[in-house]
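Letter by letter, the chains look like this.
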Amino acid sequence: MQQSPVPPEPPIYRRIADGLREAILSGELRDGDRLPGENALMAEYGIARATARQALSVLINEGLAVPKRGSGVYVRQFRPIRRHGSRRLSHEQWGQGQAIWESDTRGRPYTVDDMNIDREIAEDTVARVLNSTEVWVRRRRYSVDGRPVQLSVSHFPAALVEDTPITQPDTGPGGVYARLGDLGHTPVRFSEEVRARMPHPHETVQLDLPAGTPVIVIGRIAYTAGGVPVEVNEMILDAASYVLQYDFDS
């Protein structure tokens, strides 16, 4: 009887990476812990520096570790945010005074740790959608569990939201969509486009992204019952921090 061939043993760098991964996923190594450095791995396994670097690169590329210049490689374990596209934007969510972010985080602490609100001349594409040459712009950075995860820029027709809470840091219960409803322009339909790309330099800094981490770009337009667009929003998400969920019938 012919015996099945024995699969080749994985290369040493892969076996080292597998061991470190198991330590991370089991909780032996926790978020923020420093992984053994190249010198430590070289001494323990009798390998070359290039091999040790290769083992650590496996975990970095998987999003489980992040290098910090001059310091070492650290565990970056983060429970992904499950972003449910339709549920978070439902009238039942913001219409009852809840922030749409509460649908995403489900009790996990989140903060808006950077915000700027300005009246500006609209970019051409935004001006065409909103039929307004001037807009109020809300720029925010959101963090969950202390980690930056999303940048968001919302545009509103200036004449529509002038002198309303939408131009203030605290928009009140239910956020901007509830305030648009107060103005008689309740959003009833949303259109989102999703794509992925590598981050721009300022996005890398603002989201504290490890090298090689892509971002998810979501563009959203909010419409009233009459089909009038009242918001154009672009969101930049750390791709390693999110799972996007969409439910629909066949």
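The protein goes by GntR family transcriptional regulator in an unreviewed UniProt entry, where it is assigned to Streptosporangium brasiliense.

(A) Focus on the pairing of strand β9 (residues 229–238). Burial analysis of β9 places nine of its ten residues in the buried class, which makes it a mostly covered element. By the bridge criterion, six bridges tie strand β6 (residues 147–157) to β9 in an arrangement that is antiparallel. Pairing of Gln150 across the sheet is with Leu237, part of β9. As paired strands, strand β8 (residues 215–223) and β9 are joined by nine bridges and run antiparallel to one another. Bridge pairing in β9 links Val215 to Asp238.

(B) Focus on the nonpolar core. Core analysis: the largest hydrophobic core is formed by 24 residues, its most contacted members being Trp101, Val149 and Leu180. Those elements that provide at least two residues to this core are α6 (100–105), β5 (134–144), β6, α8 (158–161), α9 (175–182), β8 and β9. Those residues in contact with Trp101 that sit more than four places away from it in its chain are Arg88, Tyr110, Tyr142, Val144, Val149, Gln150 and Tyr242. Among the nonpolar cores identified, the runner-up in size contains 20 residues, and Ala23, Ala55, Val58 and Ile60 belong to it.

(C) Examining helix α1 (residues 12–25) more closely. With 14 residues, α1 extends 20 Å between its outermost C-alpha atoms, agreeing within 8% with the 20 Å of an ideal straight helix rising 1.5 Å per residue. Three or more residues of α1 are buried, namely Tyr13, Ile16, Ala17, Leu20, Arg21, Ala23 and Ile24. Along the axis of α1, the buried positions cluster into a sector of 160°, meaning they face one direction only. Looking at α1, the residues exposed on the side facing more than 90 degrees away from the buried face are Glu22 and Leu25. The elements touched by buried residues of α1 are α2 (38–45), α3 (49–61) and β2 (72–75). Where α1 ends, the next residue or the one after it, Gly27, has phi of about 95°, a positive value.

(D) Representation of unusual backbone geometry in the model. Of note in the backbone geometry, Asp163 takes a positive phi value of approximately 60° without being a glycine. Among the structural elements, Asp163 can be located in the loop between α8 and α9. A residue is classified by how much of its surface remains accessible, and Asp163, at 73% relative accessible area, is exposed. Here the phi dihedral of Asp208 falls at roughly 55°; this positive angle occurs in a residue that is not glycine. Here Asp208 shows up in the loop between α10 (201–207) and β8. Its relative accessible area of 55% is what places Asp208 among the exposed residues.

(E) Spotlight on the pattern of salt bridges. Scanning the model with the defined rule gives 16 salt bridges in all. In this structure, Glu38 engages Arg53 in a salt bridge whose closest nitrogen and oxygen atoms are separated by 3.0 Å. Of this pair, Glu38 sits in helix α2 while Arg53 sits in helix α3; the two residues are 15 residues apart in sequence, bridging distant segments of the chain. Taken together, the shared-partner salt bridges connect Arg83, Glu192, Arg220 and Glu231 into one network.

(F) Here's a closer look at α3. Here α3 is 13 residues long and its end C-alpha atoms lie 18 Å apart, about the 18 Å a rise of 1.5 Å per residue gives. What α3 keeps buried is the set Thr51, Ala52, Ala55, Leu56, Val58, Leu59 and Ile60.

The rules behind these values
Residues numbered from 1 in each chain as written. Predicted model: local features only at pLDDT ≥ 70, side-chain atom pairs only at ≥ 80, totals over all residues. Heavy atoms only, no water. Buried < 20%, exposed > 50% of the residue type's maximum accessible area, 1.4 Å probe, protein only. Helix = DSSP H or I, 4+ residues; strand = E, 2+ residues; numbered from the N terminus. Pairing = 2+ DSSP bridges. Core = buried A, V, L, I, M, F, W, Y, C linked by side-chain atoms within 4.5 Å. Contact = heavy atoms within 4.5 Å. Expected span 1.5 Å × (residues − 1). Arc of directions from axis to C-beta. Salt bridge = Lys/Arg side-chain N within 4 Å of Asp/Glu carboxyl O.

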